[in-house]
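# Residue-level structure breakdown
Here is what each chain is made of, one letter per residue.
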Amino acid sequence: DLLVRVLLPIAAIVTLACVLGAYSAMRLIDSVFDGWLIDAARSAAAQVRWSGEQASVDLPPSAMSVLLYDDVDRTWVGVYQGPRVIAGEGRLPRNGAELSVQAEGQAYDGQVQGHPVRLASVTLAHDGAVPVQVVVAETVLKRARSRADIAHSYWVLSALVADRKSTRLNSSHEWISRMPSSA
């Protein structure tokens, strides 16, 4: 009875700690990847030039390939002034679900060419002109791998802790059962 009364609260505490730790780690992963994606959108936005109320992009193909390079994920960029496509991909979603707003821009979920993606958007205003929106999209393979790695490590850790606690409690139970009875 004592063994069960001790083991259940410990198991609950370990499980809760693992769940909260995994949730916090997932949020951190999302925040870091969103920040990197917003940085990419800001880098592209730095190439926007204005001529009166018309925006243009000074981004040579070699610079565009550097901006879009990723070893794991596929990346797209689009620059828009109202309905007009200034540069890049013409059909990137300009808003979506799971919105995360940061000081420099916003990130959200969407689909591009049938792929689930995370997008970042930065908006530029200039002297009464129609604002320019720079959007960068990236598939979510690295995010998924990072989440899987974190989840796996937490499950392994909780299994090790549970096994260790069980071993200690069993040896304690054996020790207690060998004690002489006071009756």
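Residues numbered from 1 in each chain as written. Predicted model: local features only at pLDDT ≥ 70, side-chain atom pairs only at ≥ 80, totals over all residues. Heavy atoms only, no water.

### Quick notes on the overall build of the protein
Basically, it comes down to this: The way it works is that DSSP assigns letters per residue, a run of H or I at least four long becomes a helix, a run of E at least two long becomes a strand, and they are numbered from the N terminus. Summary of the burial criterion: residues with accessible area below 20% of their type's maximum are buried, those above 50% are exposed, and those between are partly exposed, where the area comes from a 1.4 Å probe applied to protein chains only. Residue contacts are counted whenever heavy atoms from the two residues lie within 4.5 Å of one another. Surface accessibility in these figures is a Shrake-Rupley result with a 1.4 Å probe; residues are shielded only by whichever protein chains are displayed.
Helix and strand counts for the protein come out as three helices and eight strands. Listed by position from the N terminus, the elements making up the protein come as α-β-β-α-β-β-β-β-β-β-α. Considering the protein as a whole, with its 183 residues, one finds that 31% of them fall into the buried category. Of the contacts made within the protein by residues no fewer than 6 positions apart, 57% connect residues no fewer than 24 positions apart. Working note: accessible area of the protein is about 11400 Å², and carbon and sulfur atoms make up 59% of it.

### Quick notes on the packing of aromatic side chains
The condition that has to hold: Under the pairing criterion, centres of Phe, Tyr and Trp rings, with the six-membered ring standing for Trp, must be within 6.5 Å; the plane angle then separates stacked pairs below 30 degrees from edge-to-face pairs above 60, leaving the rest tilted. Placement of a charge over a ring requires the Lys NZ or Arg CZ to be within 6 Å of the ring centre, with the centre-to-atom vector within 35 degrees of the ring normal.
Per the stated rule, a full pass over the model turns up one aromatic pair. An angle of 80 degrees between the planes, with centres 5.4 Å apart, marks the rings of phenylalanine 33 and tryptophan 36 as edge-to-face. Placement of the pair is phenylalanine 33 and tryptophan 36 together in helix H1 (residues 2-45), with a separation of three residues, close to one helical turn. Above the ring of tyrosine 80, the side-chain terminus of arginine 94 is found at 4.0 Å from the ring centroid.

### Re the layout of surface pockets
We apply this condition: Buriedness for pockets is judged along seven lines, at least five of which must meet protein on both sides within 12 Å for an open set on the 1 Å grid over protein atoms alone, while cavities are sets there where a 1.4 Å probe fits but cannot get out, and lining residues have an atom within 4 Å of a point. Grid points are joined across faces, edges and corners, and a volume is the space filled by probe spheres set on the points. In this count, Pro and Cys sit with the nonpolar residues alongside Ala, Val, Leu, Ile, Met, Phe, Trp and Tyr, while Asp, Glu, Lys and Arg are called charged and the others, Gly among them, polar.
Roughly 290 Å³ of volume is contained in the largest pocket. Asp30, Glu98, Asp109, Arg118 and Arg147 are, among the 16 residues lining the largest pocket, the residues nearest its centre. Those elements giving two or more residues to the lining of the largest pocket turn out to be H1, strand E5 (97-102), strand E6 (105-112), strand E7 (115-124) and helix H3 (141-178). Class assignment for the residues of the lining of the largest pocket results in four nonpolar, four polar and eight charged.

### Let's talk about the sheet that holds E5
For the record, the criterion: In short, DSSP must find at least two bridges between two strands for them to pair. To obtain an axis, a line is fitted to C-alpha atoms, over the contacting stretch when the element is a helix, and the angle between two such axes runs from 0 to 180 degrees between their N-to-C directions.
Reading across the sheet, the six strands line up as E4-E3-E8-E7-E6-E5 and stay open at both edges, with antiparallel pairing between neighbours. A strand with exactly one partner marks an edge of an open sheet, and here the two such strands are strand E4 (84-88) and E5. On average, adjacent strands in this sheet sit at an angle of 25 degrees to one another, irrespective of strand direction. In this sheet, strand E8 (residues 132-139) lies alongside E7 in antiparallel orientation, the contact comprising eight bridges. Pairing of leucine 119 across the sheet is with alanine 137, part of E8.

### So, a nonpolar patch on the surface
For clarity, the threshold we go by: Nonpolar side chains (Val, Leu, Ile, Met, Phe, Trp, Tyr) are joined into patches within 5 Å and like charges within 9 Å, using only residues with over 30% relative accessible area and no salt bridge. Note on definitions: salt bridges are taken to be side-chain nitrogens of Lys or Arg within 4 Å of carboxyl oxygens of Asp or Glu.
A cluster of nonpolar side chains, namely Leu28, Val32 and Trp36, defines an oily patch on the protein surface of about 320 Å² accessible area. You can see leucine 28 is positioned in helix H1. By relative accessible area, which is 54% here, leucine 28 ends up exposed.

### Some details on the side chain of aspartate 73
What counts, and what does not: Pairing of N or O atoms within 3.5 Å defines a polar contact, subject to two protein rules: one partner must be a possible hydrogen donor and the other a possible acceptor, and residues neighboring in sequence count only if both atoms are side-chain atoms.
Following the sequence through the fold, aspartate 73 ends up in the loop between helix H2 (61-68) and strand E3 (75-81). The buried category is assigned to aspartate 73, whose relative accessible area is 5%. Reaching out from aspartate 73, the side chain makes a polar contact with the side chain of lysine 142 at a distance of 3.2 Å. Contact partners of aspartate 73, with chain neighbours within four places excluded, come to Glu138, Thr139, Val140, Leu141 and Lys142.

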